[in-house]
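# What the coordinates show
Here is what each chain is made of, one letter per residue.
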Amino acid sequence: MYLTRLALTDFRSWAVADVSLEPGVTVFSGPNGEGKTNLVEAVGYVATLGSHRAAQDAPLVRRGAERAVLRAAVTSTDGSSILEIEVNPGRANRVRLNRAPLTRPREILGVLRTVLFAPEDLALVKGDPGERRRFLDDLLVAMAPRYAAVRGDYDRVLRQRSALLKSAGLKSGRSAQARDAIAATLDVWDAHLARTGAELLVGRERLVRALRPLVERSYTAVVGAQGPAAIAYRRSFGEAAPGGTGNTAERQNAEKSAGTRGAELGMAEAGLRDALADARTSELDRGVCLVGPHRDELELFIREMPARGYASHGESWSLALALRLASFDLLRAGREDPVLILDDVFAELDAGRRDRLAALVAGAEQVLVTAAAPADVPPVLAGARFTISGGVLTRAG
Amino acid sequence: MYEGVIQHLIDELGRLPGVGPKGAQRIAFHLLAADPEDVKRLAAALVEVTERVRFCRTCGNVAEADECRICLDPRRDLSVICVVEEPKDVAAIEKIREFRGRYHVLGGAISPIDGVGPDELRIRELMTRLSDGTVTELILATDPNLEGEATATYLARLVKPMGLRVTRPASGLPVGGDLEYADEVTLGRAFEGRRLLDV
């Protein structure tokens, strides 16, 4: 798929911007602070309803403006679509697809698919586990938009259960009767957390299994030499000890038909339930939810050592690129290419890695590149060029 | 902004559910232009409703006496209780005219975020109603969202030792609708709860 047009109103630094785009490579260049990244950030927002740079929507709206409007025209094998998003910070965004308003904004997910490489990706390797969970969940949604609902449900169960644990902690001095009442309510939330949590957990584990060989291959391709990188998914709870408090008959049943998705779900749900039962006392003591996919980790290794803490800056960068390249490979497998966005990534790489990365992505259906200096962009990525200067976008070739 | 009393009325109307600032303004000016007698009748109705409407001491539904019409009706089936969240859910179920049992209004659903736990709902009253053995079936018609499901699960576990028949209305495809318009969650539930077509 590819974008044919991007039009922005009051988005970040742009009062108005309107660009016609073609398949192939497009390079946006210009001095720092002119709004190159804002353009590709808008593309990412239309695809995912979120920004790679801001957790909240407020910074996306130009200072002094009330709302931002993003419009994108996309051509894919299904035909062309027009996507429109009105970003209203603090209120619900309004989303239209082909001029028809959508009742739920998330219905637009999947119409435009992107893979975005940005300097912020370094946090995938060096940052908190939350960054890596977000990476997995975003990719899961891009692969199967259904997971947007799963993720939303899980967040809601988690919030409810956390609120209960917190208030239960305050009441812990009360009578045995009060504690029983809290335990009975917690049981209900445990069941719901285990059910939705299992769905998210199995989705992520399957994703990591598919991603693992692709990450290894991409890392080797970027580094240009054998550089064994590996990824693994680690649950926040171990396998429950045999004879635990859980429903063993159910687990045995699940194990019999192991291999199918349903069986995996059943086992994950039983495992989560057992782990929640085991953690009950410490959860009540601390007033937080200690078990579940929100505490899991995507582990990254380089030469069998944890990347976080052991890898050099250059290695971390290459691993972050490998994660994005692997997502791109996964998203394009058997389907059309997502739009590939390279936001300011070449400046950080040495000439060898720069050329190898360019060669890997040059074949994509559409590539959008931003760079402060056009000379940083390897020649293999030749195509349309735009320069930005003084807030004006000009086609340069 | 308008002068004193008009703005005051607009502000008050704007606090009602489903009424925004534009709507509040529209209603306010409609009232100004209307026959004063009509407006007085509306005002009287508003006062009357706050003074006269109470909650049924048995089921928690809105009532004008100690008990509501449904609880006082001797033709109702005493062996079935349908548990709902709000009085307006009673009205919705009454519209089907099929259900002949009685109701129990909880006054909400379990939601720790909002500080609502089992103690804040009329669950103790429900247990008292169930204790004498007249009731044999409990229908848990709380909302089909996360909080409603959690409340239903909680109640089902609570009454399990009593050996009642506990049921929950089915979730699935809307009647007269198109399959293609159902969202994925509803459709998923509908597939889960599919039944044998006996011909």
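Bear in mind that the values here come from a model prediction, so they are computed numbers and not experimental data.

### Side note on the overall build of chain B
Assigned secondary structure in chain B consists of eight helices and six strands. Here chain B has a C-alpha radius of gyration of 21 Å; the compact-globule value for 199 residues is 16 Å, and the former is much larger. When its C-alpha atoms are laid out on the principal axes, chain B stretches across 65 × 45 × 40 Å. Residues classed as buried in chain B amount to 34% of the 199 residues present. Pairs at least 24 residues apart make up 49% of the contacts formed inside chain B by residues separated by at least 6 positions.

### Description of the overall build of chain A
The number of helices and strands found in chain A is 10 helices and 15 strands. Taking 397 residues into account, the globule formula puts the C-alpha radius of gyration at 21 Å, and chain A, at 23 Å, falls close to it. By principal-axis analysis of the C-alpha atoms, chain A measures approximately 75 × 50 × 40 Å. The contacts in chain A between residues at least 6 apart in sequence include a share of 72% that link residues at least 24 apart. Computing the positive centroid from 53 side-chain charges and the negative centroid from 49, chain A places the two 3 Å apart.

### Regarding the domain arrangement of chain B
Along its sequence, chain B is carved into domain 1 (4-52) and domain 2 (72-167). Once you take the C-alpha centre of each, domain 1 of chain B and domain 2 of chain B turn out to be 35 Å apart.

### Quick notes on the nonpolar core
Of all hydrophobic cores here, the largest spans 101 residues; its most connected members are Leu211, Leu319, Leu342, Val369 and Leu381 of chain A together with Leu138 of chain B. Among the elements that line this core, the one with the most residues is helix 5 (residues 176-223) of chain A, at 18 residues. In this structure, Phe28, Ala72, Val74 and Leu112 of chain A belong to the second largest nonpolar core, which totals 37 residues.

### As for the sheet that holds strand 13 (residues 366-371) of chain A
All names here are of chain A. Pairing in this open sheet of six strands is mixed, and the strands run 8-12-13-3-14-15 from one edge to the other. Each having just a single partner strand, strand 8 (114-117) and strand 15 (392-395) make up the two edges of the open sheet. Across the sheet, the axes of successive neighbouring strands diverge by a mean angle of 15°, strand direction being ignored. Looking at chain direction, strand 8 and strand 12 (residues 339-343) are connected through four bridges and run parallel. Pairing of Val115 across the sheet is with Leu340, part of strand 12.

### Focus: the pairing of strand 9 (residues 229-234) of chain A
Where a strand is regular, its side chains alternate between the two sheet faces. All names here are of chain A. By the alternation rule, side chains of strand 9 split into Ala229, Ile231 and Tyr233, which are all buried, and Ala230, Ala232 and Arg234, of which none is buried. Summarising the sheet, strand 9 and strand 10 (residues 297-302) pair through six bridges and their orientation is antiparallel. For Ala229, the partnering residue across the bridge sits in strand 10 and is Ile302.

### A few points about helix 9 (residues 313-332) of chain A
Between its first and last C-alpha atoms helix 9 of chain A spans 29 Å; for 20 residues at 1.5 Å apiece the expected length is 28 Å, and the two agree. At the C-terminal side of helix 9 of chain A, Gly334 of chain A shows a positive phi close to 75°.

### What about unusual backbone geometry?
Positive phi, close to 65°, is recorded for Glu304 of chain A, a residue that is not glycine. Along the polypeptide, Glu304 of chain A turns up in the loop between strand 10 and strand 11 (305-306). Here Arg97 of chain B, not a glycine, exhibits a phi torsion of approximately 60°, which is positive. Considering the arrangement of structural elements, one finds Arg97 of chain B in the loop between helix 5 (87-94) and strand 4 (102-105).

### What to know about the sheet that holds strand 1 (residues 2-11) of chain A
Residue and element names in this part refer to chain A. Strands sit in the order 2-1-4-5-6-7 across an open sheet of six strands; the sheet is antiparallel. Strands at the two margins of the open sheet, each flanked by one partner only, are strand 2 (14-20) and strand 7 (100-101). Relative to strand 5 (residues 79-87), strand 4 (residues 68-76) runs antiparallel, the two sharing nine bridges. Of the residues in strand 5, the one forming a bridge with Ser76 is Gly79. On top of the sheet, helix 1 (residues 36-48) reaches strand 1, strand 2, strand 4 and strand 5; it is set at about 110° to strand 1, its chief contact.

### A look at the pattern of salt bridges
For the structure on display, the rule yields 45 salt bridges over all chains. Among the ionic pairs, Arg217 of chain A bridges to Asp329 of chain A, the shortest N-O distance being 3.2 Å. Of the two residues, Arg217 of chain A is situated in helix 5 and Asp329 of chain A in helix 9; the sequence distance between them amounts to 112 residues. The exposure class of Arg217 of chain A is exposed, given its relative accessible area of 52%. Here Arg54 of chain B ties to Asp66 of chain B by a salt bridge, and the two come within 3.5 Å at their closest N and O atoms. Note that Arg54 of chain B is positioned in strand 1 (residues 54-55) and Asp66 of chain B in the loop between strand 2 (62-63) and helix 4 (69-72), a separation of 12 residues in sequence. Note on Asp66 of chain B: relative accessible area 45%, which makes it partly exposed. One continuous salt-bridge network, built from bridges that share partners, spans Arg161, Asp187, Asp190, Arg280 and Glu283 of chain A.

### Overview of the environment of Glu365 of chain A
All names here are of chain A. Looking at where Glu365 falls in the secondary structure, it is placed in the loop between helix 10 (351-361) and strand 13. Each C-alpha atom, one on Glu365 and one on Asp285, is 54 Å from the other, the two residues being 80 residues apart in sequence. The contact partners of Glu365, leaving out residues within four places of it in the chain, are Met1, Tyr2, Pro23, Gly24, Glu336 and Asp337. Within the structure, Glu365 has its side chain in polar contact with the backbone nitrogen of Met1 (distance 2.6 Å).

### So, the domain arrangement of chain A
Assigned domains of chain A: these are domain 1 (2-113 + 338-395) and domain 2 (147-207 + 237-294). Relative placement of domain 1 of chain A and domain 2 of chain A: their C-alpha centres are 39 Å apart.

### Re a nonpolar patch on the surface
All names here are of chain B. On the surface, a nonpolar cluster with roughly 340 Å² of combined accessible area is contributed by Val49, Val53, Phe55 and Val62. Residue position: Phe55 is located in strand 1. A relative accessible area of 56% places Phe55 in the exposed class.

### Section: the interface of chain A and chain B
Note: interface size is frequently given as the accessible area lost on complex formation between the parts. Listed per partner, the contact involves 17 residues of chain A and 16 residues of chain B. Regarding the contact of chain A and chain B, the summed buried area is about 1400 Å², with carbon and sulfur atoms giving 65% of it. On inspection of chain A and its partner chain B, the count reaches one salt bridge. Between Glu147 of chain B and Arg156 of chain A there is a salt bridge, with its nearest N and O atoms 2.5 Å apart. Taken together, the connections running from chain A to chain B amount to four residue pairs in polar contact (both at pLDDT 80 or more). Put simply, the parts of the chain that give the side of chain A that touches chain B at least two residues each are helix 4 (146-170) and helix 5 of chain A. Per-element accounting of the side of chain A that touches chain B gives the leading share, eight residues, to helix 4 of chain A.

About the thresholds
- Counting from 1, residues in each chain are numbered in the order their sequence is written.
- Key to labels: chains lettered from A, ligands numbered from 1, both in the order written.
- Reporting in this predicted model follows two pLDDT cut-offs: at least 70 for local features of residues, and 80 or more for side-chain atom pairs to be given and counted; totals over whole chains, interfaces and linings ignore these cut-offs and use all residues.
- Based on all heavy atoms of the structure, the side-chain values leave hydrogens and waters out of the count.
- Helix and strand assignments come from DSSP, with helices taken as H or I runs of at least 4 residues and strands as E runs of at least 2, each series counted from the N terminus.
- Atoms counted for the radius of gyration: C-alpha only. Globule rule: 2.2 Å times the number of residues to the power 0.38.
- Working definition: with a 1.4 Å probe on protein chains only, accessible area under 20% of the residue-type maximum means buried, over 50% means exposed, and in between means partly exposed.
- The contact criterion used is simple: two residues touch if any of their non-hydrogen atoms lie within 4.5 Å.
- By the counting rule applied here, Lys and Arg register as positive and Asp and Glu as negative, while His and the ends of each chain are not counted.
- Throughout, a charge is located at the NZ atom of Lys, the CZ atom of Arg, the CG atom of Asp or the CD atom of Glu.
- Segment limits for the domains were obtained from an automatic or database-derived domain assignment.
- Working definition of a nonpolar core: buried Ala, Val, Leu, Ile, Met, Phe, Trp, Tyr and Cys residues. They are joined through side-chain atoms within 4.5 Å.
- Pairs of strands are assigned from DSSP output, requiring at least two bridges between the strands.
- Whenever a helix is involved, its axis is fitted only over the stretch in contact; in every case the axis is a line through C-alpha atoms, and angles between N-to-C directions fall within 0 to 180 degrees.
- Expected span of a helix: the number of residues minus one, times 1.5 Å.
- What makes a salt bridge here is a side-chain nitrogen of Lys or Arg within 4 Å of a carboxyl oxygen of Asp or Glu, nothing more.
- For this analysis, a polar contact is any N or O atom pair within 3.5 Å, provided that within protein one partner can donate a hydrogen and the other can accept it, and provided that sequence-adjacent residues contribute only side-chain to side-chain pairs.
- Residues with no salt bridge and a relative accessible area higher than 30% make up the patches, which join like charges within 9 Å and nonpolar side chains (Val, Leu, Ile, Met, Phe, Trp, Tyr) within 5 Å.
- Residue burial considers only the protein chains on display, and all accessible areas are found by Shrake-Rupley using a 1.4 Å probe.
- What counts as buried area is the accessible surface, traced by a 1.4 Å probe, that two parts surrender upon association, with contributions from both included.

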